[in-house]
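Analysis of the macromolecular model
These are the residues of each chain, in order.
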Amino acid sequence: MPDEELQPSHVTERRPAVALLGYPTQILAPGQTYASVTEEISSIVLTRKHPRSWWFGFAIAFGLLMMFLFAVTVLLFRGVGIWGINIPVAWGFAIVNFVWWVGIGHAGTFISAILLLLLQKWRTAINRLTEAMTLFAVACAGLFPLLHLGRPFVFFWLFPYPDTMDLWPQFRSPLVWDVFAVSTYFTVSLIFWYVGLLPDLATLRDRATTRPKQWIYGMLALGWRGSAVHWQRHQSLYLLLAGLATPLVLSVHSVVSFDFAVAMVPGWHSTIFPPYFVAGAIYSGFAMVLNILIPIRKLYGLEGLIPMRYLNNMANVMLATGWMVTYGYIMEAFMAWYSGDVFERSMMWNRAFGPYGWVFWMLILFNCVIPQLLWSRRVRTNLVGLFCVALFINVGMWIERFVIVISSLSRDFTPSAWHIFIPTKWDLMTLFGSMGLFFTLLFLFIRFLPLMSISEVRKLVSEEKEAKP
Amino acid sequence: MKQRYELYGLMAEFTEADEVLAAAQRCREAGYRRMDAFTPFPIEGLAEAVGQSRTRVPLIVLLCGIIGGAGGYFMQWYATVVDYPLNIGGRPFHSWPSYIPITFELTILCASIGGLIGMILLNRLPQPYHPAFNAPDFNRASQDRFFLCVEAADPKFDLPATKSFLLTLHPERVSEVEK
């Protein structure tokens, strides 16, 4: 320890022990040191033997991925006719899945960026995993509009490129906005993720025991050496990226909702859509985070780094966004009645009591009723209970998109054009197959990259040391 | 024997964030200018202590964002007003509200990509070899140790004097680093 007179002046002017919004600075379990957190997180990748359940889960996910590959191959050969879509229901499962996956991606950016800006330190333990979840979910989402194009091999017509026919994409179309929004979202998420990962890749490089691992992590780490000057630029960029990603995450799902809101179809043409879609996205995203985090926390024994309080916080976020979504449902029904528009009114009646009525009531049950269990602290702090509620919310949010897309399209203005959509086995195979893609990527991520930002957890350790008298 | 290599600098090793920050400030007060610290996590004020006043990353992000936004808007205006105007029900060609989403997305996209490239280039990465890696136990700089390096290129650098000065800061050890 340095002498008394060597103590730097800033040691006395510490921040109080209570951070913004009343969260105490004690975040981690007591007794953690720089070395212990580094060891605990990096050993999952480098030295620890992987639990049998990892192989088991990976095998299932990989099997589903192969099924996806098969379904997509058949689709490319035979066209979108193998799906249950027809006129007027030209948007089927593909768009439902697209909106659902994009929504799931949103919690990652929300946790990473918005909670970073709000100085919520509990994000540190989960932000890396949720950012990875965002990337993989957006990758799954991006596939569906491509497959739905009918001619996926000319997808680049959606981009402005110097083509020989002197054509431009229609920049006034929400579908083109979608292309820009989703590809920007994916790119920025990837950059944000990699910038956060850079110092940890250096840690893995320095701790790797075999030559190939040293080489691969070394290449990815770009020769990061933790220089103070580098850290300054790194932190500056990281904060700016968070600031850029925050409006981005709100804009992306707003743009996705414009796909519907700009159309004249009853049930779609609604100004509540942008905020209501964003709330729903964060709702399903947090549910997916919990569905992933609870098993991982258990499997790898991360209770010390992810205390129950974080899960409780996420449950609270779900409860809040759940009510926003419920407000959206109520507003949709109210506006349909209040507008006096006969098509809107009959759409709403049809949605609740028509051929898809049972789906609608399932939606209300899953998204509005069951999550009310989260009012109880016993449920919020019970792993099984929380997992089940999150699962219901995930299914419920998928159903919500189904109700919006299918029930609105299947009965539009002219009864002679009404048509019931029934999914085929190919629809189901692409839906479950895309989950295979998502979970395969997630399992590989857990295997090869650190689950949490090691450098940020070390910073937490240091802050907690300082906070103690 | 030890004189055969070229000296890059002297590396002092600390166990705590506060110590390396205090040491960097003391070195600065003592008149050293060319130094760098290597730490396992960012430490507030350390970059200032080793002599880096502020970073140009925000400026790069701002400029790239402006370029992206202006370029995106121009592209849409050029496409829909000049190069390929479509008259749909007499609506105006220059329908600016529908340009907003893409303009916004391109602003964010260019700012982020520009910021990433800017950060990497300003940091002179990728740089697989750096003399600092020669310091003993330097792999702990990415784990649990804090290093402060006074470079031999510093005008005030004098091997025995600097070494004894660094030892007054109570490091775990001081080691010579070859280039």
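A brief report on the enclosed structure follows.

Conventions adopted
- Residues numbered from 1 in each chain as written.
- Chains lettered and ligands numbered in written order.
- Predicted model: local features only at pLDDT ≥ 70, side-chain atom pairs only at ≥ 80, totals over all residues.
- Heavy atoms only, no water.
- Core = buried A, V, L, I, M, F, W, Y, C linked by side-chain atoms within 4.5 Å.
- Buried < 20%, exposed > 50% of the residue type's maximum accessible area, 1.4 Å probe, protein only.
- Helix = DSSP H or I, 4+ residues; strand = E, 2+ residues; numbered from the N terminus.
- Contact = heavy atoms within 4.5 Å.
- Buried area = accessible area lost by both parts, 1.4 Å probe.
- Salt bridge = Lys/Arg side-chain N within 4 Å of Asp/Glu carboxyl O.
- Nonpolar A, V, L, I, M, F, W, Y, C, P; charged D, E, K, R; others polar.
- Pairing = 2+ DSSP bridges.
- Axes fitted to C-alpha atoms, helices over the stretch in contact; angles between N-to-C directions.
- Polar contact = N/O pair within 3.5 Å; in protein donor to acceptor, adjacent residues only side chain to side chain.
- Parallel < 35°, antiparallel > 145°, perpendicular 65-115°, else oblique.
- Left-handed = near helix turned anticlockwise from the far one by under 90°.
- Expected span 1.5 Å × (residues − 1).
- Bend = angle between axes of the 7 residues up to and from the residue.
- Disulfide = S-S within 2.5 Å.

What follows concerns the nonpolar core. If you look at the biggest cluster of nonpolar residues, it comprises 201 residues, and the most contacted ones within it are A:Trp101, A:Phe260 and A:Phe438. Take this core: its biggest share by element is 17 residues, from helix α3 (residues 93–117) of chain A. Residues contacting A:Phe438, with those up to four places away along its chain left out, are A:Trp101, A:Met133, A:Phe136, A:Ala137, A:Cys140, A:Met288 and A:Ile292. If you look at the next biggest cluster of nonpolar residues, it comprises 10 residues, including B:Tyr8, B:Phe38, B:Ala132 and B:Phe138.

Let's shift gears to the interface of chain A and chain B. Contacts between the two partners involve 63 residues from chain A and, on the opposite side, 73 residues from chain B. Contact between chain A and chain B buries roughly 5800 Å² in total, counting both sides, with carbon and sulfur atoms accounting for 66%. Summed over the three residues of chain A that lose the most area to chain B, namely A:Arg172, A:Arg225 and A:Arg233, the buried surface amounts to 14% of that side. Counting every contact that joins chain A to chain B gives 0 salt bridges. If you list the elements that add at least two residues to the side of chain A that touches chain B, you get α1 (34–46), α5 (174–207), α7 (228–261) and α15 (454–467) of chain A. Here the side of chain A that touches chain B gets 17 residues from one element, more than from any other, and that element is α7(A). Of the residues assigned to the side of chain A that touches chain B, the class counts are 32 nonpolar, 17 polar and 14 charged.

Looking now at the sheet that holds strand β1 (residues 7–14) of chain B. All names here are of chain B. The antiparallel open sheet is built from 4 strands, whose spatial order is β2-β3-β1-β4. Either end of the sheet is taken by a strand with one partner, and the two such strands are β2 (35–38) and β4 (173–178). Taking each pair of neighbouring strands and ignoring which way they run, the sheet shows an average axis angle of 25 degrees. Of the pairings in the sheet, the one linking β2 to strand β3 (residues 146–151) comprises 4 bridges and is antiparallel in character. Paired with phenylalanine 38 across the two strands is phenylalanine 147, which belongs to β3. Against the sheet, helix α5 (residues 159–167) engages β1, β3 and β4, with an angle of about 10 degrees to β1.

Turning next to the side chain of A:Asp206. Among the secondary structure elements, A:Asp206 is positioned in helix α5. Under the relative-accessibility criterion, A:Asp206 is labelled buried at 18%. Only 3.1 Å separates the side chain of A:Asp206 from the side chain of A:Arg205, close enough to count as a polar contact. Setting aside residues up to four positions removed in sequence, A:Asp206 forms contacts with B:Asn139, B:Ser142 and B:Gln143.

Quick look at the packing of helix α8 (residues 273–299) of chain A against helix α9 (residues 308–339) of chain A now. Residues and elements named next belong to chain A. Contact pair α8 / α9: the axes reach a minimum separation of 8 Å and the direction vectors enclose 150 degrees. Relative to α9, α8 is oriented roughly antiparallel. Between α8 and α9 lies a crossing whose hand is left-handed. Of the residues contributing to the contact of α8 with α9, the split by class is 19 nonpolar, 4 polar and 2 charged.

Here we come to α1(A). Between the first and last C-alpha of α1(A) there are 17 Å, a value that for 13 residues agrees with the 18 Å anticipated at 1.5 Å per step. Of all the bends found along α1(A), the most pronounced is centred on A:Glu40 and spans about 25 degrees. Among the 13 residues in α1(A), 10 count as buried, and that is most of the element. Among the residues of α1(A), those classed as buried are A:Tyr34, A:Val37, A:Thr38, A:Glu40, A:Ile41, A:Ser42, A:Ser43, A:Ile44, A:Val45 and A:Leu46. Contacts from the buried residues of α1(A) go to α5, α6 (211–221), α14 (425–448) and α15 of chain A together with α1 (17–29) and β3 of chain B.

Okay, the environment of B:Gly65 next. Residue and element names in this part refer to chain B. Within the secondary structure layout, glycine 65 lies in helix α3 (residues 57–83). Look at glycine 65 and you get buried, because its relative accessible area is 8%. The spatial distance from the C-alpha of glycine 65 to the C-alpha of aspartate 144 is 37 Å, given a sequence separation of 79 residues. Beyond its immediate sequence surroundings of up to four residues, glycine 65 is in contact with Thr107 and Ala111.

Relative to the 33 Å expected for 23 residues at 1.5 Å per residue, helix α4 (residues 100–122) of chain B spans 32 Å between its end C-alpha atoms, a close match to the ideal helical length. Of the residues trailing α4(B), B:Arg124 is marked for its positive phi of about 55 degrees.

What follows is about the state of the cysteines. Counted by the stated rule, this structure contains 0 disulfides over all chains. A:Cys388 supplies the cysteine sulfur nearest to A:Cys368, a cysteine that is in no disulfide, at a spacing of 19 Å. Residue classification places A:Cys368 among the buried residues on the basis of a relative accessible area of 9%. Here B:Cys27 is not disulfide-linked; the sulfur of B:Cys149 is the nearest cysteine sulfur, at 10 Å. Here B:Cys27 falls in the buried class, since its relative accessible area comes to 0%.

Here the focus is the packing of α1(A) against α15(A). All names here are of chain A. The contact between α1 and α15 brings their axes to 9 Å, and the two run at 155 degrees. Judged by the angle between their axes, α1 and α15 are roughly antiparallel. Handedness of the α1/α15 crossing: right-handed. Together, Tyr34, Val37, Thr38, Ile41 and Ser42 of α1 and Ile454, Val457, Arg458, Val461, Ser462 and Lys465 of α15 make up the contact between the two elements. Looking at the contact of α1 with α15 residue by residue, the class counts come to 6 nonpolar, 3 polar and 2 charged.

With that settled, consider unusual backbone geometry. A negative phi angle characterises most non-glycine residues, just as the trans form characterises most peptide bonds. Cis rather than trans, the peptide bond between A:Ile87 and A:Pro88 has omega equal to 10 degrees. Despite not being glycine, A:Asp166 shows a phi value in the positive range, around 55 degrees. With respect to the helices and strands, A:Asp166 occurs in the loop between α4 (127–148) and α5. The phi angle at B:His170 is positive, at roughly 60 degrees, despite the residue not being glycine. Classification of B:His170 by relative accessible area gives partly exposed; the value is 36%.

Side chains bearing opposite charge may pair, as long as their charged atoms lie close to each other. Taken as a whole, this structure holds 14 salt bridges over all chains when the rule is applied. In this structure, the salt-bridge partner of A:Asp206 is A:Arg205, at a minimum N-O distance of 3.1 Å. Neither A:Asp206 nor A:Arg205 differs from the other in exposure class; each is buried. The shortest N-O distance in the salt bridge between B:Arg173 and B:Asp137 comes to 2.8 Å. Linking B:Arg173 in strand β4 with B:Asp137 in the loop between α4 and β3, this pair joins segments that are 36 residues apart in sequence. On the basis of relative accessible area, B:Asp137 is assigned to the partly exposed category, the value being 36%. Salt bridges here are not isolated pairs; linked through shared partners, they connect B:Glu13, B:Asp137, B:Arg145 and B:Arg173.

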